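# Remarks on the overall topology
Chain by chain, the residues run as shown.
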Amino acid sequence: MKTMWLCGAAISALALAACDAYAPDAGGESEAASAEAAAPTQEDAAAFLERAEAELAETSEYAARVYWVQNTYINHDTNWLASRAGAESTELSVRLAEEAAEYADLDLPQEMQRKLNMLRSGITIPAPADTEIVEELSEITTRLESTYSTGTFEIDGEGLTLNELSNIIENSRDREELREVWEGWRTVSPVMAEDYARMVEIANDGANHLGFDNLAQMWLSNYDMPADEMEAEVERLWGQVEPLYEQLHCAVRAELNEEYGDAVQPADGPIRADLLGNMWAQQWSNIYPLVGPEDSDPGYDLTTILNEQGYDARRMVETGEAFFSSLGFEPLPDTFWERSLITEPEDRDVVCHPSAWNLDNVDDIRIKMCTEINAEDFQTVHHELGHNYYQRAYNEQDFLFRTGAHDGFHEAIGDFVGLSITPEYLRQIGLIDEVPPADADLGILMNQALDKIAFLPFGLMVDKWRWSVFRGETTPENYNEAWWELRTRYQGVAPPGPRPDDAFDPGAKYHIPGNTPYLRYFLSFIMQFQFHQAACEMAGWEGPLHRCSIYGNEEVGERFNAMLEAGASEPWPDVLERFTGTREMDGSAIIAYFEPLMDHLEEANADRECGW
């Protein structure tokens, strides 16, 4: 979770300033002269930004603490508090964004213009400046997230949570059980559909008031380029990596066909979504035993090793901290350990979805996750700590610049570090005794691809669906149909059977009811490999890119930290260039990283009909 932009304003001071600006003087000057005198100036804009950032700092901390309590103690009262804080914050955000728009035509220094643009377009779900509508919106968003976080599905008389249902999807190979659990979780979301449609209506109206055609344009305007150019850039990046995904899909489908037979998983067409080892078919590494290359055992099972060596949740986090320390970063503060939630409590409902927080936008950094002792959460710990170290690195920037260069940067940082979790790194920290030989790399790369490459089209289509909804191209009665059209087109996956007429399957993915833009994840999966390639070049690495680890390299750490410290104070191409030497996001590093696997997949698929 990045710094929360809960925008507000010192309303009485702003009202007084407005009155002073527009009141005619005692000399009774002409109406035209009064209008000219009232025209905003650069000095007015500077004064507004100073007031705005001071208020932002105050309201952000208040709201973050409310949301932290609501996320870690879900009940009627904390939901009420979160709804109230959300309404107040949204109302203030809208007022501040509307005032920022008054300075849009001024010729201002780049720094001031960046801040005004961020205020205008930085609200995820805006609303018109109407107290009743703002309160309605806050009630809807709180209800959506709470419905998701407390959802259960009953099996054999027991109500199972998402975590419990996900464990079945990840581990079962019983096709009937998989279908029951997959469809069962999606019974939680139909009740969200009406709320979601009303929220879209309100948010689009709010975006219109801020000068945008719709919320899609507003979201896409946060990338230092026109919205339509950013959308085209995303398709360009997908085009770079799509051939690798198609080869992976082809190979996985063939193995699932062999495992389950034509009646369950045909040898052609889309893959059944419930067979891929993940509740949303977004990452497939849980089915590695079914689809991994023969004779390519990496020689170790990290989940088994972590448990055999007695790792608990705290030790998992301490290991992640030690990686950043090896790059020269200062240790986490004592308050991190006192205030984080790293295991799931037994006595209350919490939002288990992992997230990283900086509650005071300075150094009250924490993570929230229901840590399990497995390889996936070992990676997740590094990812969430990446957010925290980023948050702390830019905490001396002006308030509005205390965030990532764009939202993909924030997500990429921890995953970039995670790419250094190589066999050599595991040997260095005592988790394995010997580094497996090079002929084991194919299995490691396949396992990585089942997470990293399998995710790419999902990471793209989630927001493509939302953009279509926000633009009115997809209407509420077509929500589910459009969702599956995109999933089939980009991912080549399909549901295990016909979906009910009232299905709202998008709502079964946290980021839809939670209103978290998803393009950031797609961009982060592109950029983490770009960062990794640049860092390995800095370190003088000459071997295969997938074998490089920057663990212990303080020179790389120094360059890395310089990028983090910039926050959003400069356009993202400038920040990217500071670390990588290039000004363009580039998917070619992914192809370089997985080159041995691509060669293997093309050979394995030579006699298969790929595509869907």
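Residues numbered from 1 in each chain as written. Predicted model: local features only at pLDDT ≥ 70, side-chain atom pairs only at ≥ 80, totals over all residues. Heavy atoms only, no water.

In the annotation of an unreviewed UniProt entry, the protein chain is listed under the name Peptidyl-dipeptidase and assigned to Marinicauda salina.

Regarding its fold elements, the protein chain presents 25 helices and 6 strands. The C-alpha atoms of the protein chain give 25 Å as radius of gyration, which agrees with the globular expectation for 612 residues (25 Å, within 12%). Its C-alpha atoms give the protein chain principal-axis dimensions of about 90 × 55 × 50 Å. Looking at the 612 residues of the protein chain, the share that counts as buried comes to 57%. The long-range share in the protein chain, meaning contacts at least 24 apart out of those at least 6 apart in sequence, stands at 78%. In the structure as shown, the protein chain presents an accessible area of about 24800 Å², 45% of it carried by carbon and sulfur atoms. (Helix = DSSP H or I, 4+ residues; strand = E, 2+ residues; numbered from the N terminus. Rg over C-alpha atoms; globule rule 2.2 N^0.38 Å. Buried < 20%, exposed > 50% of the residue type's maximum accessible area, 1.4 Å probe, protein only. Contact = heavy atoms within 4.5 Å. Areas by Shrake-Rupley, 256 points an atom, 1.4 Å probe, with all protein chains shown as cover.)

All right, on to the nonpolar core then. The nonpolar side chains of a soluble globular protein tend to be buried, and buried together. Tyr 196, Val 252, Trp 284 and Phe 560 are the most contacted members of the largest nonpolar core, which has 164 residues in total. With 16 residues, the top contributor of residues to this core is helix α19 (residues 441-470). Ignoring any residue separated from it by four or fewer positions in sequence, one finds Val 252 in contact with Ile 271, Leu 276, Trp 284, Ile 287, Val 291, Met 446 and Leu 450. Of all hydrophobic cores here, the second largest spans 14 residues; its members include Leu 56, Leu 96, Tyr 103 and Leu 116. (Core = buried A, V, L, I, M, F, W, Y, C linked by side-chain atoms within 4.5 Å.)

Another point: the environment of Leu 519. Here Leu 519 lies in helix α21 (residues 519-538). For the pair Leu 519 and Ala 45, spaced 474 residues apart in sequence, the C-alpha separation works out to 31 Å. Excluding its chain neighbours within four sequence positions, the residues that come into contact with Leu 519 are Leu 220, Tyr 223, Met 230, Val 234, Gly 459, Asp 463 and Trp 467.

Before going further, it helps to spend a moment on the UniProt feature "binding site: Zn(2+) 2" (unreviewed entry) in the protein chain. Per the UniProt entry, the sites bearing "binding site: Zn(2+) 2" (unreviewed entry) are His 383, His 387 and Glu 411 in this numbering. Look at the named residues: they lie 29 residues apart in sequence, but the longest C-alpha span between them is just 7.5 Å, so in the fold they bunch up. Take His 383: it is sitting in helix α16 (residues 375-393). Leave out the neighbours within four places in its chain, and His 383 touches Glu 411, Gly 414 and Asp 415. Counting through the fold element by element, Glu 411 comes out in helix α17 (residues 407-418). (UniProt positions renumbered as here; feature names shortened; annotations may be inferred.)

We now examine the packing of aromatic side chains. Overall, the coordinates contain 40 aromatic pairs when judged by the stated rule. An angle of 50 degrees between the planes, with centres 5.6 Å apart, marks the rings of Tyr 196 and Phe 504 as tilted. Placement of Tyr 196 in helix α9 (residues 193-209) and of Phe 504 in the loop between β6 (493-494) and α21 is noted, with a sequence separation of 308 residues between them. Judged by its relative accessible area of 1%, Tyr 196 falls in the buried class. When the centroid spacing of 6.1 Å and the interplanar angle of 85 degrees are considered together, the rings of Tyr 245 and Trp 612 count as edge-to-face. Residue Tyr 245 is found in helix α11 (residues 227-260), and its partner Trp 612 is found in the segment after α25 (595-604); the two are separated by 367 residues along the sequence. Using a relative accessible area of 0% as the deciding quantity, one classes Tyr 245 as buried. Taking the ring centre of Phe 525 as reference, the NZ or CZ of Lys 452 above it sits at 5.3 Å. Looking at Lys 509, its charged tip hangs above the ring of Trp 280, at a distance of 4.5 Å from the centre. (Phe/Tyr/Trp six-rings, centres within 6.5 Å; stacked < 30°, edge-to-face > 60°. Lys NZ or Arg CZ within 6 Å of the ring centre and 35° of its normal.)

Relative to each other, α11 and α25 sit at 50 degrees, their axes nearing to 9 Å. Taken together, the axes of α11 and α25 lie oblique to each other. In the crossing of α11 with α25, the sense of the turn from one axis to the other is left-handed. On the side of α11, the interface is formed by Pro 243, Leu 244, Gln 247, Leu 248 and Ala 251, while α25 contributes Met 598, Leu 601 and Glu 602. (Axes fitted to C-alpha atoms, helices over the stretch in contact; angles between N-to-C directions. Parallel < 35°, antiparallel > 145°, perpendicular 65-115°, else oblique. Left-handed = near helix turned anticlockwise from the far one by under 90°.)

Counted under the stated rule, the structure contains 29 salt bridges. In this structure, Asp 195 engages Arg 143 in a salt bridge whose closest nitrogen and oxygen atoms are separated by 2.7 Å. Of the two residues, Asp 195 is situated in helix α9 and Arg 143 in helix α6 (residues 131-149); the sequence distance between them amounts to 52 residues. Put simply, Arg 366 and Asp 364 hold a salt bridge, and the shortest N to O gap is 3.1 Å. Residue classification places Arg 366 among the buried positions, given a relative accessible area of 6%. Linked by salt bridges that have partners in common, Glu 61, Arg 65, Arg 339, Asp 364 and Arg 366 make up one network. (Salt bridge = Lys/Arg side-chain N within 4 Å of Asp/Glu carboxyl O.)

With that out of the way, let us pick up the state of the cysteines. All chains considered together, the criterion is met by 3 disulfides. Covalent S-S linkage joins Cys 250 and Cys 610, the inter-sulfur distance amounting to 2.1 Å. Judged by the sign of its S-S torsion, about -80 degrees, the bond between Cys 250 and Cys 610 is left-handed. On the criterion of sequence distance, the pair formed by Cys 250 in helix α11 and Cys 610 in the segment after α25 is long-range, its members being 360 residues apart. (Disulfide = S-S within 2.5 Å.)

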